[in-house]
Amino acid sequence: VSAMKIVSFLAALALAALVAFPRPAAADDALTVVGGSTATGFFEVLDLVAQQAGFFKEQHLTVDKQYSGNSAVAAQLVASGKATIGSFAIEPILSGYEKGLHLTAFFSRDPHYFQVLAVLDSSPIKTLAEFKGAAIGEYTVGSAAEVPANSELAGAGLRRSDYSYVPIGSGAQAISAMNSGKVAGVAFPYPELATYEAFAGQKYRYFWHPLLKDIGDDAFVASPATIRNKPDVLRRFCRAIVEAAILVRENPNLAAKYFVAGSGGKLTADEVAKYGRLLSISQSMLAGYDPTSKRIGEMPLRGIEVLTKFMYDNGLTAQIVPASAI
């Protein structure tokens, strides 16, 4: 028997062995992602769609999604290693930096700053200067929306004594306060108001902060050690999130179905239609608003530098946190 025939026979035997006894598939990498809100939070849509659509599975990831209900708590869970990835606004990272809270934002969930001033679409207020003498609604006393709202109004020449804040809660209570004229406008997160538009038929006119409006401050974050030691895992996580972002953009109704199912809601036609409207009207606030972009999820360093200086200038941090550090 020639040497060539022996080699061919051995190769065929080896191939047969591989078919009969295939090597076990590599185990999925396990990740714990902790959200700073609840399962029905607006920005949780990317995680939930990626999970329900099977995008995480395609990337060989097993993702355990948990919710802290508070960005500061979520940040501590990531920093302590009890969660792999955090999903929340980055302000707690900036305010906690000088106290040793060092986390890295690696994917922007929202291309725009989400705190806004708003009035009913039928309101006579057309400019920021016309808020003079107005009562402005907010979630609770001293809410985080006050600082950017004060900055906007100061830019229009108003002093802090020219207007007042009134706590109006959220949901039906907030809608009633606006519709009854108890407040002339609100300083609220945009996603909350978008929910009122989609679910309750409200219409608003928005005033975006001129310096912050194009700075995404809501992100996926991880510890420096995770960034350093698990780059491939994070890349695959990002790929799944980008797929979810594009699906939300291209087929909001299907994404809404995944969102409702993933958040534990009742999968009824009305519920899916309601969330479909929310995703449709909020495209500009979601990562996949431009599905042709090759930079979905990018966090421009220059924008974060503006945000860190804004926080310092308004007394929210004792030092200017270096944007490159976070």
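Anyway, here's the lowdown on the structure attached to this text. Because the structure is a prediction, the values reported are computed rather than measured.

Conventions we followed
- Residues numbered from 1 in each chain as written.
- Predicted model: local features only at pLDDT ≥ 70, side-chain atom pairs only at ≥ 80, totals over all residues.
- Heavy atoms only, no water.
- Pairing = 2+ DSSP bridges.
- Helix = DSSP H or I, 4+ residues; strand = E, 2+ residues; numbered from the N terminus.
- Axes fitted to C-alpha atoms, helices over the stretch in contact; angles between N-to-C directions.
- Contact = heavy atoms within 4.5 Å.
- Salt bridge = Lys/Arg side-chain N within 4 Å of Asp/Glu carboxyl O.
- Buried < 20%, exposed > 50% of the residue type's maximum accessible area, 1.4 Å probe, protein only.

On to the sheet that holds strand 10 (residues 218–222). Within a sheet, each strand pairs with its neighbour through backbone hydrogen bonds, oriented either parallel or antiparallel. Taken in spatial order, the five strands of this open sheet run 2-1-3-10-4, and their pairing is mixed. The open sheet terminates on both sides in strands that have one partner only, identified here as strand 2 (61–67) and strand 4 (104–108). On average, each strand axis in the sheet is tilted by 30° relative to the strand beside it, whichever way the strands run. Looking at chain direction, strand 1 (residues 29–35) and strand 3 (residues 85–89) are connected through three bridges and run parallel. Residue valine 33 lies in a different strand from strand 3, and its bridge partner there is isoleucine 85. The sheet strands contacting helix 2 (residues 45–52) are strand 1, strand 2, strand 3 and strand 10, and the helix crosses strand 2 at an angle near 140°. Those strands touched by helix 10 (residues 231–250) are strand 1, strand 2, strand 3, strand 4 and strand 10, and its axis lies near 30° from that of strand 4.

For the structure shown, the criterion picks out twelve salt bridges. The salt bridge partner of aspartate 232 is arginine 236, with a shortest N-O separation of 3.0 Å. One end of the pair is aspartate 232 and the other is arginine 236, both in helix 10 and four residues apart, which spans about a single turn. When its relative accessible area of 39% is taken as the criterion, aspartate 232 is described as partly exposed. Between glutamate 250 and arginine 249 there is a salt bridge, with its nearest N and O atoms 3.8 Å apart. When its relative accessible area of 33% is taken as the criterion, arginine 249 is described as partly exposed. When salt bridges that share partners are traced, they join Glu44, Asp47, Lys65, Arg109 and Asp218 into one network.

The strand order across the open sheet built from five strands is 7-6-8-5-9, with neighbouring strands paired in mixed fashion. If you trace the sheet from one side to the other, it starts and ends with strand 7 (164–167) and strand 9 (204–207), each paired once. Strand-to-strand twist across the sheet, computed as the mean angle between neighbouring axes with direction ignored, equals 35°. Judged from the four bridges that link them, strand 5 (residues 115–120) and strand 8 (residues 185–189) form a sheet pairing that is antiparallel.

As far as function goes, none of this settles anything; it's purely spatial.
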